[in-house]
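# Remarks on the overall topology
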Amino acid sequence: MRMNEIGRRNFLRTTLFGGASAFLASTSLASSHLKNTCDEAKEKPIIKRKLGKTGIELPIVSFGVMRADSPALIQAAIKEGLVLYDTAHGYQNGKNEEMLGEVFKDLSRDSFVLSTKVKLEDDDTKTGKLTSASLNKEFLEKLDISLKRLKMDYVDILYVHALSTRDAVLFPEMLEAVMLAKKSGKARHVGVSTHKNEPEVILAAIDSGVYEVVLASVNYKQGQYAEVKSAMKAAAKAGLGIVAMKTMAGGFHDKERKQPINCKAALKFVMQDENITTAIPGITNFDHLTMNASVNYDLTLTTEEQVDLAVGKSEGGLYCQGCERCVPNCPKGLPIPEIMRAYMYTYGYSDSRQARELLTSLKLPENPCDDCSHCSAGCAKNFSISERVNDVMRLTAVPEEFLS
Ligand code: SF4
Ligand code: SF4
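What you see is a predicted model, and the numbers here were worked out from it, not measured in a lab.

Conventions adopted
- Residues numbered from 1 in each chain as written.
- Chains lettered and ligands numbered in written order.
- Predicted model: local features only at pLDDT ≥ 70, side-chain atom pairs only at ≥ 80, totals over all residues.
- Buried ≥ 20, exposed ≤ 12 C-beta atoms within 10 Å, placed from the backbone.
- Helix = DSSP H or I, 4+ residues; strand = E, 2+ residues; numbered from the N terminus.
- Contact = placed C-beta atoms within 7 Å.
- Near = placed C-beta within 6 Å.
- Nonpolar A, V, L, I, M, F, W, Y, C, P; charged D, E, K, R; others polar.
- Pairing = 2+ DSSP bridges.
- Axes fitted to C-alpha atoms, helices over the stretch in contact; angles between N-to-C directions.
- Right-handed = clockwise from strand over helix to strand, strands pointing away.
- Core = buried A, V, L, I, M, F, W, Y, C linked by C-beta atoms within 7 Å.
- Domains from an automatic or database assignment.

### So, helix H11 (residues 263–271)
- Burial within H11 is extensive, with 9 of its 9 residues counted as buried.
- When we look at burial in H11, the residues that qualify are Cys-263, Lys-264, Ala-265, Ala-266, Leu-267, Lys-268, Phe-269, Val-270 and Met-271.
- Where the residues of H11 are buried, they touch strand E9 (241–245), strand E10 (278–279), helix H12 (286–295) and helix H13 (303–313).

What follows is the structure, encoded as C-alpha coordinates:
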(Lines give C-alpha, C1' and ligand atoms only; values in the text may rest on other atoms or scores of the structure.)
(Ligands and ions follow the chains in the order given, each with its own letter.)
Protein backbone atom coordinates (compact mmCIF):
# COMPACT_ATOMS: atom_id res chain seq x y z
CA MET A 1 0.00 0.00 0.00
CA ARG A 2 1.39 3.43 -0.89
CA MET A 3 2.08 5.85 1.97
CA ASN A 4 -0.13 8.58 0.57
CA GLU A 5 -2.93 6.02 0.33
CA ILE A 6 -2.46 5.02 3.97
CA GLY A 7 -2.46 8.69 4.90
CA ARG A 8 -5.65 9.36 2.97
CA ARG A 9 -7.48 6.42 4.56
CA ASN A 10 -6.28 7.32 8.05
CA PHE A 11 -7.32 10.91 7.51
CA LEU A 12 -10.79 9.84 6.40
CA ARG A 13 -11.08 7.40 9.30
CA THR A 14 -9.96 9.96 11.91
CA THR A 15 -12.23 12.61 10.46
CA LEU A 16 -15.19 10.29 10.40
CA PHE A 17 -14.55 8.90 13.88
CA GLY A 18 -13.99 12.40 15.21
CA GLY A 19 -17.35 13.44 13.91
CA ALA A 20 -19.01 10.13 14.71
CA SER A 21 -21.99 11.61 16.46
CA ALA A 22 -22.77 13.93 13.58
CA PHE A 23 -22.15 11.10 11.13
CA LEU A 24 -24.52 8.79 13.01
CA ALA A 25 -27.19 11.43 13.16
CA SER A 26 -26.93 12.04 9.45
CA THR A 27 -27.28 8.44 8.33
CA SER A 28 -30.29 6.20 8.17
CA LEU A 29 -28.04 3.41 9.42
CA ALA A 30 -27.75 5.03 12.85
CA SER A 31 -28.47 2.81 15.81
CA SER A 32 -28.48 3.18 19.53
CA HIS A 33 -27.15 -0.34 20.00
CA LEU A 34 -23.45 -0.31 19.34
CA LYS A 35 -22.31 -3.45 21.20
CA ASN A 36 -22.11 -6.35 18.87
CA THR A 37 -20.32 -9.49 19.90
CA CYS A 38 -21.32 -12.84 18.42
CA ASP A 39 -22.34 -14.28 21.77
CA GLU A 40 -24.52 -11.33 22.63
CA ALA A 41 -26.06 -11.50 19.19
CA LYS A 42 -26.94 -15.16 19.50
CA GLU A 43 -29.13 -14.50 22.50
CA LYS A 44 -31.54 -12.99 20.00
CA PRO A 45 -33.72 -15.05 17.64
CA ILE A 46 -32.59 -15.61 14.05
CA ILE A 47 -34.02 -12.91 11.78
CA LYS A 48 -36.14 -14.56 9.08
CA ARG A 49 -37.99 -13.24 6.03
CA LYS A 50 -40.42 -14.68 3.48
CA LEU A 51 -39.20 -15.31 -0.05
CA GLY A 52 -42.04 -13.45 -1.74
CA LYS A 53 -45.05 -15.48 -2.74
CA THR A 54 -43.12 -18.75 -2.65
CA GLY A 55 -43.92 -18.76 1.06
CA ILE A 56 -40.46 -20.12 1.90
CA GLU A 57 -39.15 -18.56 5.11
CA LEU A 58 -35.40 -18.07 5.32
CA PRO A 59 -32.81 -16.65 7.70
CA ILE A 60 -31.47 -13.41 6.25
CA VAL A 61 -28.05 -14.98 5.71
CA SER A 62 -27.68 -18.06 3.52
CA PHE A 63 -24.74 -19.93 2.02
CA GLY A 64 -23.20 -19.16 -1.38
CA VAL A 65 -21.52 -22.49 -2.09
CA MET A 66 -19.68 -21.53 -5.29
CA ARG A 67 -16.17 -21.76 -3.89
CA ALA A 68 -16.76 -24.15 -0.98
CA ASP A 69 -15.43 -27.69 -1.28
CA SER A 70 -15.70 -28.97 2.27
CA PRO A 71 -18.66 -31.14 3.33
CA ALA A 72 -17.68 -30.38 6.98
CA LEU A 73 -18.24 -26.68 6.31
CA ILE A 74 -21.74 -27.34 4.96
CA GLN A 75 -22.51 -29.55 7.96
CA ALA A 76 -21.30 -26.79 10.32
CA ALA A 77 -23.53 -24.29 8.49
CA ILE A 78 -26.54 -26.55 8.98
CA LYS A 79 -25.77 -26.58 12.70
CA GLU A 80 -25.49 -22.77 12.62
CA GLY A 81 -29.07 -22.65 11.34
CA LEU A 82 -28.41 -21.71 7.71
CA VAL A 83 -31.16 -23.07 5.48
CA LEU A 84 -30.61 -21.99 1.84
CA TYR A 85 -27.62 -23.37 -0.07
CA ASP A 86 -26.93 -21.86 -3.47
CA THR A 87 -24.96 -23.60 -6.19
CA ALA A 88 -24.94 -23.71 -10.03
CA HIS A 89 -24.70 -26.27 -12.78
CA GLY A 90 -21.31 -24.87 -13.79
CA TYR A 91 -19.59 -24.41 -10.43
CA GLN A 92 -16.40 -26.42 -10.10
CA ASN A 93 -17.41 -28.34 -13.23
CA GLY A 94 -20.26 -30.02 -11.38
CA LYS A 95 -18.27 -31.01 -8.29
CA ASN A 96 -20.00 -28.30 -6.24
CA GLU A 97 -23.42 -29.88 -6.84
CA GLU A 98 -21.98 -33.36 -6.25
CA MET A 99 -20.54 -32.27 -2.88
CA LEU A 100 -23.91 -30.88 -1.78
CA GLY A 101 -25.62 -34.07 -2.96
CA GLU A 102 -23.38 -36.13 -0.68
CA VAL A 103 -24.08 -33.90 2.33
CA PHE A 104 -27.82 -33.67 1.84
CA LYS A 105 -28.59 -37.22 0.72
CA ASP A 106 -29.38 -38.46 4.23
CA LEU A 107 -31.22 -35.36 5.44
CA SER A 108 -34.94 -34.82 5.41
CA ARG A 109 -35.78 -33.01 2.16
CA ASP A 110 -37.73 -30.30 3.93
CA SER A 111 -34.90 -29.45 6.33
CA PHE A 112 -32.99 -27.35 3.76
CA VAL A 113 -33.63 -25.22 0.68
CA LEU A 114 -31.51 -25.77 -2.41
CA SER A 115 -31.09 -23.45 -5.37
CA THR A 116 -29.13 -24.07 -8.52
CA LYS A 117 -28.66 -22.15 -11.76
CA VAL A 118 -28.54 -23.23 -15.36
CA LYS A 119 -26.85 -21.05 -17.94
CA LEU A 120 -27.43 -21.22 -21.64
CA GLU A 121 -24.53 -20.89 -24.03
CA ASP A 122 -23.57 -17.24 -24.50
CA ASP A 123 -25.83 -15.33 -26.80
CA ASP A 124 -28.25 -18.21 -27.19
CA THR A 125 -31.08 -15.75 -26.76
CA LYS A 126 -29.68 -13.32 -29.31
CA THR A 127 -28.87 -15.45 -32.33
CA GLY A 128 -32.44 -16.09 -33.37
CA LYS A 129 -31.37 -19.62 -34.30
CA LEU A 130 -32.79 -21.20 -31.19
CA THR A 131 -36.06 -23.06 -31.43
CA SER A 132 -38.24 -23.95 -28.48
CA ALA A 133 -37.29 -27.56 -28.92
CA SER A 134 -33.52 -26.95 -28.93
CA LEU A 135 -33.64 -24.55 -25.98
CA ASN A 136 -35.88 -26.85 -23.95
CA LYS A 137 -33.56 -29.72 -24.72
CA GLU A 138 -30.40 -27.84 -23.66
CA PHE A 139 -31.93 -26.30 -20.54
CA LEU A 140 -33.82 -29.32 -19.28
CA GLU A 141 -30.96 -31.71 -19.99
CA LYS A 142 -28.66 -29.55 -17.88
CA LEU A 143 -31.26 -29.51 -15.10
CA ASP A 144 -31.47 -33.32 -15.20
CA ILE A 145 -27.69 -33.57 -14.89
CA SER A 146 -27.77 -31.16 -11.93
CA LEU A 147 -30.49 -33.19 -10.19
CA LYS A 148 -28.50 -36.35 -10.68
CA ARG A 149 -25.41 -34.76 -9.14
CA LEU A 150 -27.49 -33.39 -6.26
CA LYS A 151 -29.18 -36.77 -5.74
CA MET A 152 -32.51 -34.96 -5.59
CA ASP A 153 -35.84 -35.19 -7.40
CA TYR A 154 -36.27 -31.43 -7.41
CA VAL A 155 -34.58 -28.17 -6.56
CA ASP A 156 -36.42 -25.54 -4.55
CA ILE A 157 -35.32 -22.67 -6.77
CA LEU A 158 -34.09 -22.97 -10.34
CA TYR A 159 -32.51 -19.84 -11.80
CA VAL A 160 -31.81 -19.03 -15.40
CA HIS A 161 -28.24 -17.90 -14.82
CA ALA A 162 -26.61 -14.54 -15.56
CA LEU A 163 -29.16 -12.67 -17.64
CA SER A 164 -28.51 -9.01 -18.30
CA THR A 165 -31.21 -7.66 -20.61
CA ARG A 166 -34.97 -7.35 -20.65
CA ASP A 167 -35.11 -9.28 -23.95
CA ALA A 168 -33.24 -12.21 -22.43
CA VAL A 169 -35.55 -12.30 -19.40
CA LEU A 170 -38.66 -12.23 -21.57
CA PHE A 171 -37.31 -14.57 -24.28
CA PRO A 172 -40.45 -16.65 -24.99
CA GLU A 173 -38.67 -19.97 -25.51
CA MET A 174 -36.83 -19.50 -22.21
CA LEU A 175 -40.04 -18.80 -20.35
CA GLU A 176 -41.52 -21.94 -21.88
CA ALA A 177 -38.53 -24.00 -20.72
CA VAL A 178 -38.71 -22.80 -17.12
CA MET A 179 -42.46 -23.39 -17.02
CA LEU A 180 -41.83 -26.93 -18.24
CA ALA A 181 -39.24 -27.43 -15.49
CA LYS A 182 -41.78 -26.31 -12.94
CA LYS A 183 -44.63 -28.35 -14.40
CA SER A 184 -42.47 -31.48 -14.34
CA GLY A 185 -41.94 -30.98 -10.59
CA LYS A 186 -38.17 -30.72 -11.01
CA ALA A 187 -38.19 -27.08 -9.87
CA ARG A 188 -40.53 -25.89 -7.14
CA HIS A 189 -39.89 -22.26 -8.01
CA VAL A 190 -38.13 -20.45 -10.85
CA GLY A 191 -36.09 -17.29 -11.02
CA VAL A 192 -33.38 -15.33 -12.82
CA SER A 193 -29.91 -14.35 -11.69
CA THR A 194 -28.12 -11.22 -12.83
CA HIS A 195 -24.62 -9.79 -12.42
CA LYS A 196 -25.17 -6.58 -14.35
CA ASN A 197 -27.89 -4.22 -15.52
CA GLU A 198 -29.78 -5.34 -12.43
CA PRO A 199 -32.64 -2.80 -12.45
CA GLU A 200 -33.66 -3.71 -16.03
CA VAL A 201 -33.50 -7.43 -15.29
CA ILE A 202 -35.45 -7.15 -12.03
CA LEU A 203 -38.21 -5.08 -13.62
CA ALA A 204 -38.43 -7.51 -16.56
CA ALA A 205 -38.73 -10.42 -14.14
CA ILE A 206 -41.80 -8.74 -12.64
CA ASP A 207 -43.29 -8.25 -16.10
CA SER A 208 -42.65 -11.88 -17.07
CA GLY A 209 -45.37 -13.10 -14.75
CA VAL A 210 -43.36 -16.33 -14.61
CA TYR A 211 -40.30 -15.73 -12.48
CA GLU A 212 -40.81 -15.88 -8.71
CA VAL A 213 -37.34 -15.08 -7.44
CA VAL A 214 -34.55 -12.72 -8.51
CA LEU A 215 -30.93 -13.24 -7.50
CA ALA A 216 -29.08 -9.96 -8.02
CA SER A 217 -25.80 -8.26 -7.20
CA VAL A 218 -26.35 -5.70 -4.45
CA ASN A 219 -23.70 -3.89 -2.45
CA TYR A 220 -22.66 -0.62 -0.89
CA LYS A 221 -20.17 0.16 -3.64
CA GLN A 222 -22.69 0.01 -6.48
CA GLY A 223 -22.99 3.28 -8.36
CA GLN A 224 -26.55 2.31 -9.33
CA TYR A 225 -27.48 1.17 -5.82
CA ALA A 226 -30.48 3.54 -5.64
CA GLU A 227 -31.90 2.14 -8.90
CA VAL A 228 -31.31 -1.45 -7.80
CA LYS A 229 -33.03 -0.70 -4.49
CA SER A 230 -36.01 0.87 -6.23
CA ALA A 231 -36.38 -2.09 -8.64
CA MET A 232 -36.18 -4.52 -5.70
CA LYS A 233 -38.90 -2.59 -3.92
CA ALA A 234 -41.16 -2.94 -6.96
CA ALA A 235 -40.35 -6.65 -7.22
CA ALA A 236 -41.06 -7.28 -3.54
CA LYS A 237 -44.36 -5.43 -3.91
CA ALA A 238 -45.22 -7.69 -6.85
CA GLY A 239 -44.56 -10.75 -4.67
CA LEU A 240 -41.14 -11.77 -5.98
CA GLY A 241 -38.53 -13.05 -3.56
CA ILE A 242 -35.21 -11.19 -3.68
CA VAL A 243 -31.88 -12.86 -2.97
CA ALA A 244 -28.72 -10.73 -2.80
CA MET A 245 -25.26 -11.73 -4.00
CA LYS A 246 -21.92 -9.89 -4.33
CA THR A 247 -22.78 -8.21 -1.03
CA MET A 248 -19.09 -7.96 -0.14
CA ALA A 249 -18.08 -6.27 -3.38
CA GLY A 250 -15.11 -8.52 -4.06
CA GLY A 251 -13.83 -8.75 -0.48
CA PHE A 252 -10.82 -6.45 -0.98
CA HIS A 253 -10.10 -2.93 -2.11
CA ASP A 254 -6.82 -3.92 -3.76
CA LYS A 255 -5.41 -6.78 -5.81
CA GLU A 256 -2.61 -7.29 -3.27
CA ARG A 257 -5.31 -8.14 -0.68
CA LYS A 258 -3.83 -5.77 1.88
CA GLN A 259 -6.98 -3.69 2.28
CA PRO A 260 -9.87 -6.00 3.14
CA ILE A 261 -13.43 -4.77 2.88
CA ASN A 262 -15.35 -4.93 6.15
CA CYS A 263 -17.43 -7.85 4.87
CA LYS A 264 -19.65 -8.13 7.93
CA ALA A 265 -20.56 -4.45 7.71
CA ALA A 266 -21.16 -4.75 3.97
CA LEU A 267 -23.49 -7.71 4.53
CA LYS A 268 -25.43 -5.93 7.27
CA PHE A 269 -25.78 -2.85 5.08
CA VAL A 270 -27.40 -4.84 2.26
CA MET A 271 -29.69 -6.81 4.54
CA GLN A 272 -31.04 -3.71 6.24
CA ASP A 273 -33.24 -3.43 3.16
CA GLU A 274 -36.26 -5.48 4.20
CA ASN A 275 -37.29 -6.06 0.60
CA ILE A 276 -34.37 -8.48 0.34
CA THR A 277 -35.19 -11.89 1.76
CA THR A 278 -31.72 -13.30 2.17
CA ALA A 279 -28.13 -12.99 0.97
CA ILE A 280 -25.79 -15.70 -0.28
CA PRO A 281 -22.27 -14.55 0.62
CA GLY A 282 -19.59 -16.96 -0.54
CA ILE A 283 -18.33 -18.96 2.43
CA THR A 284 -15.07 -20.90 2.17
CA ASN A 285 -13.93 -21.41 5.74
CA PHE A 286 -15.19 -21.64 9.31
CA ASP A 287 -14.25 -18.05 10.16
CA HIS A 288 -16.36 -16.78 7.26
CA LEU A 289 -19.19 -18.99 8.43
CA THR A 290 -19.08 -17.72 12.02
CA MET A 291 -18.92 -14.11 10.91
CA ASN A 292 -21.72 -14.37 8.35
CA ALA A 293 -23.97 -16.45 10.60
CA SER A 294 -23.68 -13.84 13.37
CA VAL A 295 -25.43 -11.35 11.09
CA ASN A 296 -28.51 -13.59 11.25
CA TYR A 297 -28.98 -12.39 14.82
CA ASP A 298 -28.13 -8.74 14.62
CA LEU A 299 -28.13 -6.27 11.75
CA THR A 300 -27.00 -3.32 13.81
CA LEU A 301 -24.04 -1.49 12.31
CA THR A 302 -21.49 -0.39 14.90
CA THR A 303 -19.92 3.05 14.60
CA GLU A 304 -16.70 1.52 13.33
CA GLU A 305 -18.56 -0.51 10.71
CA GLN A 306 -20.36 2.59 9.50
CA VAL A 307 -17.05 4.41 9.20
CA ASP A 308 -15.50 1.48 7.32
CA LEU A 309 -18.35 1.56 4.83
CA ALA A 310 -18.13 5.31 4.41
CA VAL A 311 -14.36 5.14 3.81
CA GLY A 312 -14.55 2.05 1.61
CA LYS A 313 -17.24 3.47 -0.62
CA SER A 314 -14.81 5.89 -2.20
CA GLU A 315 -12.23 3.20 -2.98
CA GLY A 316 -12.10 1.91 -6.58
CA GLY A 317 -11.76 -1.70 -5.48
CA LEU A 318 -12.10 -4.92 -7.42
CA TYR A 319 -15.84 -4.93 -7.92
CA CYS A 320 -17.04 -4.04 -11.42
CA GLN A 321 -20.60 -2.87 -11.09
CA GLY A 322 -21.53 -4.09 -14.56
CA CYS A 323 -22.85 -0.68 -15.60
CA GLU A 324 -21.55 -1.28 -19.16
CA ARG A 325 -20.64 2.37 -19.64
CA CYS A 326 -17.28 1.26 -20.99
CA VAL A 327 -18.62 -1.22 -23.53
CA PRO A 328 -19.73 1.14 -26.35
CA ASN A 329 -16.33 2.89 -26.19
CA CYS A 330 -14.32 -0.25 -26.87
CA PRO A 331 -13.89 -0.56 -30.66
CA LYS A 332 -13.52 -4.32 -30.31
CA GLY A 333 -16.73 -4.67 -28.31
CA LEU A 334 -14.98 -6.68 -25.61
CA PRO A 335 -17.22 -8.08 -22.85
CA ILE A 336 -15.43 -5.86 -20.32
CA PRO A 337 -17.78 -6.43 -17.34
CA GLU A 338 -17.30 -10.19 -17.62
CA ILE A 339 -13.51 -9.82 -17.91
CA MET A 340 -13.57 -7.54 -14.85
CA ARG A 341 -15.61 -10.17 -12.99
CA ALA A 342 -12.88 -12.70 -13.78
CA TYR A 343 -10.37 -10.17 -12.41
CA MET A 344 -12.38 -9.96 -9.17
CA TYR A 345 -12.56 -13.77 -8.93
CA THR A 346 -8.78 -13.91 -9.35
CA TYR A 347 -7.69 -11.22 -6.88
CA GLY A 348 -10.71 -10.76 -4.61
CA TYR A 349 -11.74 -14.39 -4.26
CA SER A 350 -8.35 -16.03 -5.04
CA ASP A 351 -10.27 -18.31 -7.35
CA SER A 352 -8.28 -18.42 -10.56
CA ARG A 353 -10.03 -21.61 -11.64
CA GLN A 354 -13.43 -19.95 -11.67
CA ALA A 355 -11.88 -16.90 -13.34
CA ARG A 356 -10.39 -18.99 -16.11
CA GLU A 357 -13.64 -20.87 -16.65
CA LEU A 358 -15.38 -17.56 -17.14
CA LEU A 359 -12.67 -16.23 -19.46
CA THR A 360 -12.69 -19.40 -21.54
CA SER A 361 -16.46 -19.19 -21.95
CA LEU A 362 -16.02 -15.73 -23.49
CA LYS A 363 -14.01 -17.19 -26.41
CA LEU A 364 -11.65 -14.22 -26.62
CA PRO A 365 -8.36 -14.00 -28.53
CA GLU A 366 -5.26 -14.57 -26.39
CA ASN A 367 -4.38 -10.85 -26.06
CA PRO A 368 -7.56 -8.98 -26.91
CA CYS A 369 -6.10 -5.49 -26.30
CA ASP A 370 -2.84 -6.18 -28.17
CA ASP A 371 -3.22 -3.98 -31.23
CA CYS A 372 -5.05 -1.17 -29.48
CA SER A 373 -2.68 1.78 -29.02
CA HIS A 374 -4.90 3.66 -26.59
CA CYS A 375 -7.68 2.38 -24.33
CA SER A 376 -10.74 4.46 -25.08
CA ALA A 377 -13.14 2.34 -23.00
CA GLY A 378 -13.08 4.54 -19.85
CA CYS A 379 -14.39 3.13 -16.58
CA ALA A 380 -17.02 4.79 -14.43
CA LYS A 381 -15.01 3.66 -11.39
CA ASN A 382 -11.64 4.65 -12.86
CA PHE A 383 -10.38 1.10 -13.28
CA SER A 384 -7.49 0.86 -15.67
CA ILE A 385 -9.38 -1.44 -18.01
CA SER A 386 -6.65 -2.41 -20.49
CA GLU A 387 -4.21 -3.09 -17.63
CA ARG A 388 -6.74 -5.37 -15.92
CA VAL A 389 -7.63 -7.12 -19.19
CA ASN A 390 -3.97 -7.81 -19.97
CA ASP A 391 -3.33 -8.92 -16.40
CA VAL A 392 -6.18 -11.40 -16.05
CA MET A 393 -6.00 -12.78 -19.60
CA ARG A 394 -2.61 -14.32 -18.69
CA LEU A 395 -4.60 -16.90 -16.76
CA THR A 396 -5.80 -18.53 -19.95
CA ALA A 397 -2.24 -19.73 -20.61
CA VAL A 398 -1.64 -21.17 -17.14
CA PRO A 399 -1.74 -25.00 -17.00
CA GLU A 400 -4.74 -26.39 -15.09
CA GLU A 401 -2.63 -27.95 -12.32
CA PHE A 402 -1.27 -24.52 -11.28
CA LEU A 403 -4.69 -22.97 -10.76
CA SER A 404 -6.11 -22.46 -7.28
S1 SF4 B 1 -7.39 -1.37 -24.90
FE2 SF4 B 1 -9.43 -0.69 -24.17
S3 SF4 B 1 -10.49 0.01 -26.02
FE4 SF4 B 1 -8.75 -1.25 -26.70
S5 SF4 B 1 -9.57 -3.34 -26.94
FE6 SF4 B 1 -8.75 -3.18 -24.85
S7 SF4 B 1 -10.50 -2.58 -23.61
FE8 SF4 B 1 -11.08 -2.15 -25.74
S1 SF4 C 1 -15.41 -1.73 -16.07
FE2 SF4 C 1 -16.14 0.19 -15.13
S3 SF4 C 1 -17.47 1.17 -16.68
FE4 SF4 C 1 -17.15 -0.96 -17.30
S5 SF4 C 1 -18.92 -2.07 -16.47
FE6 SF4 C 1 -17.29 -2.22 -14.94
S7 SF4 C 1 -17.62 -0.50 -13.53
FE8 SF4 C 1 -18.83 -0.08 -15.39
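### Looking at the site of ligand 1
- Taken together, 13 residues lie around ligand 1, and Cys-330, Cys-369, Cys-372, Cys-375 and Ser-386 are the ones closest in.
- For the shell around ligand 1, the per-class residue count stands at 10 nonpolar, 2 polar and 1 charged.

### A closer look at the sheet that holds strand E6 (residues 155–160)
- Taking strand neighbours across the sheet as the criterion, the 8 strands line up as E3-E4-E5-E6-E7-E8-E9-E10 in an open arrangement whose pairing is parallel. Two strands bound the open sheet, and with one partner strand each, they are strand E3 (63–64) and E10.
- Here 2 bridges tie E3 to strand E4 (residues 84–86), and the two strands are oriented parallel to one another. When the sheet's bridge partners are listed, Gly-64 is paired in E4 with Asp-86.
- Those strands touched by helix H6 (residues 132–150) are strand E5 (113–118) and E6, and its axis lies near 140 degrees from that of E5.

### What about the site of ligand 2?
- Taken together, 15 residues form the shell around ligand 2, and within it Cys-320, Cys-323, Cys-326, Cys-379 and Ala-380 come nearest.
- The element contributing the most residues to the shell around ligand 2 is helix H14 (residues 336–347), with 3 residues.
- Grouping the constituent residues of the shell around ligand 2 by class yields 10 nonpolar, 2 polar and 3 charged.

### Topic: the environment of Cys-375
- Within the element layout of this structure, Cys-375 appears in the loop between helix H15 (352–361) and helix H16 (385–393).
- Spatially, the C-alpha atom of Cys-375 lies 8.9 Å from that of Asn-329, the residues being 46 residues apart in sequence.
- If we ignore the near neighbours within four places in the chain, the residues touching Cys-375 are Cys-369, Ile-385 and Ser-386.

### Overview of the pairing of E9
- The buried fraction of E9 is high, at 5 of 5 residues.
- The two faces of E9 match: Gly-241, Val-243 and Met-245 on one face and Ile-242 and Ala-244 on the other face are all buried.
- As judged from the 5 bridges shared by strand E8 (residues 213–217) and E9, these two strands associate in the parallel manner. Looking at the pairing, Val-213 lines up with Gly-241 of E9.
- With helix H10 (residues 225–237) bridging E8 and its parallel neighbour E9, the resulting β-α-β unit is right-handed.
- In this structure, E9 lies alongside E10, joined through 2 bridges in parallel fashion. From the neighbouring strand, Ala-244 faces E10, where its bridge partner is Ala-279.
- In this fold, E9 hands off to H11, which returns the chain to E10; that crossover is right-handed.

### Section: the nonpolar core
- Leu-158, Ala-205, Val-214 and Ala-266 are the most contacted members of the largest nonpolar core, which totals 113 residues.
- Ranked by residues supplied to this core, first place goes to H14 with 8 residues.
- A domain-level breakdown of this core finds at least three residues from each of domain 1 (41–298) and domain 2 (327–402).
- Ignoring sequence-local partners within four residues, the contact set of Ala-266 consists of Asn-219, Tyr-220, Thr-247, Met-248, Ala-249, Ile-261 and Leu-309.

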